[in-house]
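Tertiary structure, described
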Amino acid sequence: MGPKRIFSDKIKNAIYDWSYNRGYIDAFYGTFFTAGVQKLAEFTHFFDRRIIDGIPNGVGFMSFFVAEVIKSVGGGRISSYLFFYFSYVSIFLLIYYFLNL
């Protein structure tokens, strides 16, 4: 029993702890790989649901309401439907033009 014996016991205990925990590979794997992939999957799901699916859903939603407005304002004549349709498109294009200046 001396300082060399205590130092060698510390080294043996450190090697034993390291090997008992499988070199901490499981902790590293769980922390960096699994959690990283899970966060990437959550972000991808959010992006797909809100952005990618939201654009066509929003266009469909708006076209439904524009069609309902045109239907209620128009008198049943094709010319009045075309007039309102082109006026809405021109308003949209003007707003788009002025926002991108």
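Structure shown above.
Here is a short report on the structure shown in this document. Everything numeric in this text was worked out from a predicted model, so none of it was measured.

Here the focus is the overall build of the protein chain. When its secondary structure is counted, the protein chain shows four helices and zero strands. Per-residue burial over the protein chain gives 5% buried out of 101 residues. Element-wise, carbon and sulfur atoms account for 71% of the exposed surface of the protein chain, whose accessible area totals about 9,300 Å².

Turning to a nonpolar patch on the surface, a few remarks are in order. Nonpolar side chains collect at one region of the surface, where Leu-40, Phe-43, Phe-46, Phe-47, Ile-51, Ile-52, Ile-55 and Val-59 lie side by side and expose about 790 Å² of accessible area between them. Contributions of two or more residues to the nonpolar patch are made by α2 (25-52) and α3 (54-73). With respect to the helices and strands, Leu-40 occurs in helix α2.

Quick look at the packing of aromatic side chains now. All chains considered together, the criterion is met by six aromatic pairs. With centroids separated by 4.7 Å and ring planes inclined at 75°, the aromatic side chains of Phe-61 and Phe-65 adopt a geometry described as edge-to-face. Here Phe-65 and Phe-61 lie together in helix α3, a separation of four residues that amounts to about one turn. Geometrically, the ring pair formed by Phe-92 and Tyr-96 is stacked, given 6.5 Å between the ring centres and 20° between the ring planes. Taken as a pair, Phe-92 and Tyr-96 lie in helix α4 (residues 78-99) at a separation of four residues, close to a single helical turn. The same class applies to Phe-92 and to Tyr-96, which are both exposed.

So, how was this worked out
Residues numbered from 1 in each chain as written. Predicted model: local features only at pLDDT ≥ 70, side-chain atom pairs only at ≥ 80, totals over all residues. Heavy atoms only, no water. Helix = DSSP H or I, 4+ residues; strand = E, 2+ residues; numbered from the N terminus. Buried < 20%, exposed > 50% of the residue type's maximum accessible area, 1.4 Å probe, protein only. Areas by Shrake-Rupley, 256 points an atom, 1.4 Å probe, with all protein chains shown as cover. Patch = residues over 30% accessible without salt bridge, like charges linked within 9 Å, V, L, I, M, F, W, Y side chains within 5 Å. Salt bridge = Lys/Arg side-chain N within 4 Å of Asp/Glu carboxyl O. Phe/Tyr/Trp six-rings, centres within 6.5 Å; stacked < 30°, edge-to-face > 60°.

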